[in-house]
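# Chains, contacts and geometry: an overview
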Amino acid sequence: SLLQEMESTLPDGVPVPLHELSARQINQLDPFRDDPAGAAIVEFDAEASLEVEDVENPLDPKEFCSCGSCSIMATKVESVCCKSLNYLQAGADCIVNHPLVKDLLNKHVLEINLRTERSVKGESDTREFTNKNYRFSAYRSLFFWLNKKKSCGGYRRALPSCLVTHVKCLYPDETYTGFQPSSPVIKSKRRR
């Protein structure tokens, strides 16, 4: 309690206000005196924290899809319909049919985005781009278009299932990383 914080018991048992103690007496106090006895040490498991949902029980698109274009996703977090997120860009139809989506997912536009990002990072521009690179650029472009450049909690928000499926069809691969939520532990400092 606050009263116990303000008072301390000296070795002779007389309560004294904390501000009246000498530096030597304060140093004799147990700094952990208010901690609960036998508190368990919690270890952080980074891989376990990234497992957002149960992969073995994905949602059926009938349960979450209103646009008719969604497919089964690996996790419940990814099982999102463009209609459920109220994106203004979707209108009455599925967002995949929006005319700008075709332009955003154009291979040349995605390549320009990738080259721009590499240039800003100071990386060389000699490597060939893979479908994985194009998907990354597509997801990033779609995210900023849908969210109007708002951060939405550190730029981590699952895109609608219909868009993700459309991007995977355009730029297929053997394996897919899937949506990765942001780590609650790692936070970078902003440059000033």
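Residues numbered from 1 in each chain as written. Predicted model: local features only at pLDDT ≥ 70, side-chain atom pairs only at ≥ 80, totals over all residues. Heavy atoms only, no water.

## So, helix α7 (residues 131-147)
Between its first and last C-alpha atoms α7 spans 24 Å; for 17 residues at 1.5 Å apiece the expected length is 24 Å, and the two agree. Listed in full, the buried residues belonging to α7 are Tyr134, Arg135, Ser137, Ala138, Ser141, Leu142, Phe143, Trp145, Leu146 and Asn147. In the segment just after α7, lysine 148 is the residue with positive phi, at about 50°. (Helix = DSSP H or I, 4+ residues; strand = E, 2+ residues; numbered from the N terminus. Expected span 1.5 Å × (residues − 1). Buried < 20%, exposed > 50% of the residue type's maximum accessible area, 1.4 Å probe, protein only.)

## Here's the deal with the side chain of serine 141
Examined against the element boundaries, serine 141 turns out to sit in helix α7. Other than its neighbours up to four places away in sequence, serine 141 contacts Leu104, Leu110 and Asn113. (Contact = heavy atoms within 4.5 Å.)

## Here we look at the side chain of glutamate 78
When you line up the elements, glutamate 78 lands in the loop between α4 (61-64) and α5 (99-104). Despite its burial, glutamate 78 pairs with no opposite charge; the closest candidate is lysine 168, at 5.6 Å N-O. A polar atom in the side chain of glutamate 78 sits 2.9 Å from the side chain of threonine 75. Excluding anything up to four places from it in sequence, glutamate 78 contacts Met73, Ala158, Leu159, Ser161, Gly178 and Phe179. (Lys, Arg positive; Asp, Glu negative; His and termini not counted. Salt bridge = Lys/Arg side-chain N within 4 Å of Asp/Glu carboxyl O. Polar contact = N/O pair within 3.5 Å; in protein donor to acceptor, adjacent residues only side chain to side chain.)

## Describing the pattern of salt bridges
Enumeration according to the criterion identifies two salt bridges in this entry. A salt bridge links arginine 115 to glutamate 111, with the shortest nitrogen-to-oxygen separation between them at 2.9 Å. On the criterion of helical spacing, the pair formed by arginine 115 and glutamate 111 is a turn pair, its members being four residues apart in helix α6 (residues 107-121). Across the pair aspartate 173 and arginine 135 runs a salt bridge whose closest N-O atoms are separated by 3.3 Å. Of this pair, aspartate 173 sits in the segment after α9 (161-170) while arginine 135 sits in helix α7; the two residues are 38 residues apart in sequence, bridging distant segments of the chain.

## As for the nonpolar core
In this structure, Cys67, Cys82, Ile95, Leu142, Trp145, Cys162 and Leu163 are the most contacted members of the largest nonpolar core, which totals 27 residues. Mapped onto this core, the elements with two or more residues apiece are α5, α6, α7 and α9. Each residue touching leucine 142, except ones within four places of it in the same chain, is listed here: Leu104, Leu105, Leu159, Leu163 and Val167. (Core = buried A, V, L, I, M, F, W, Y, C linked by side-chain atoms within 4.5 Å.)

## Here we look at the packing of α6 against α7
Where α6 meets α7, the axes come as close as 9 Å, and the angle between the chain directions of the two elements is 90°. Comparing their axes, α7 and α6 come out roughly perpendicular. The residues of α7 that touch α6, namely those facing Lys107, Leu110, Glu111, Asn113, Leu114, Glu117 and Arg118, are Asn133, Tyr134, Phe136, Ser137, Ala138 and Ser141. In terms of residue class, the contact of α6 with α7 is made up of five nonpolar, four polar and four charged. (Axes fitted to C-alpha atoms, helices over the stretch in contact; angles between N-to-C directions. Parallel < 35°, antiparallel > 145°, perpendicular 65-115°, else oblique. Nonpolar A, V, L, I, M, F, W, Y, C, P; charged D, E, K, R; others polar.)

## Focus: the packing of aromatic side chains
One pair of aromatic rings is described through two measures. These are the centre distance and the angle between the planes. Applying the stated criterion across every chain, the model contains three aromatic pairs. The ring of tyrosine 176 has lysine 168 sitting right over it, with the charged end atom 4.7 Å from the ring centre. (Phe/Tyr/Trp six-rings, centres within 6.5 Å; stacked < 30°, edge-to-face > 60°. Lys NZ or Arg CZ within 6 Å of the ring centre and 35° of its normal.)

## Focus: the confidence of the model for the chain
The predicted model of the chain averages 74 in pLDDT, with 66% of residues at 70 or higher. Throughout residues 1-6 the model reports pLDDT below 50, and contacts reaching past four residues in sequence, or to other chains, amount to five contacts. In the predicted structure, residues 42-55 sits below a pLDDT of 50 and forms 13 contacts with residues beyond four places in sequence or in another chain. (pLDDT = per-residue confidence, 0-100.)

## A closer look at α9
Taken together, the buried positions of α9 are Ser161, Cys162, Leu163, Val164 and Val167. Here the buried face of α9 lies against α4, α5 and α7.

## Looking at the environment of isoleucine 72
Mapped onto the elements, isoleucine 72 comes out in the loop between α4 and α5. In sequence terms isoleucine 72 and aspartate 60 are 12 residues apart; their C-alpha atoms lie 6.0 Å from each other.

## Considerations on the environment of leucine 110
Position of leucine 110 among the secondary structure elements: in helix α6. We classify leucine 110 as buried; its relative accessible area is 0%. Placed 31 residues apart in sequence, leucine 110 and serine 141 show a C-alpha to C-alpha distance of 8.1 Å.

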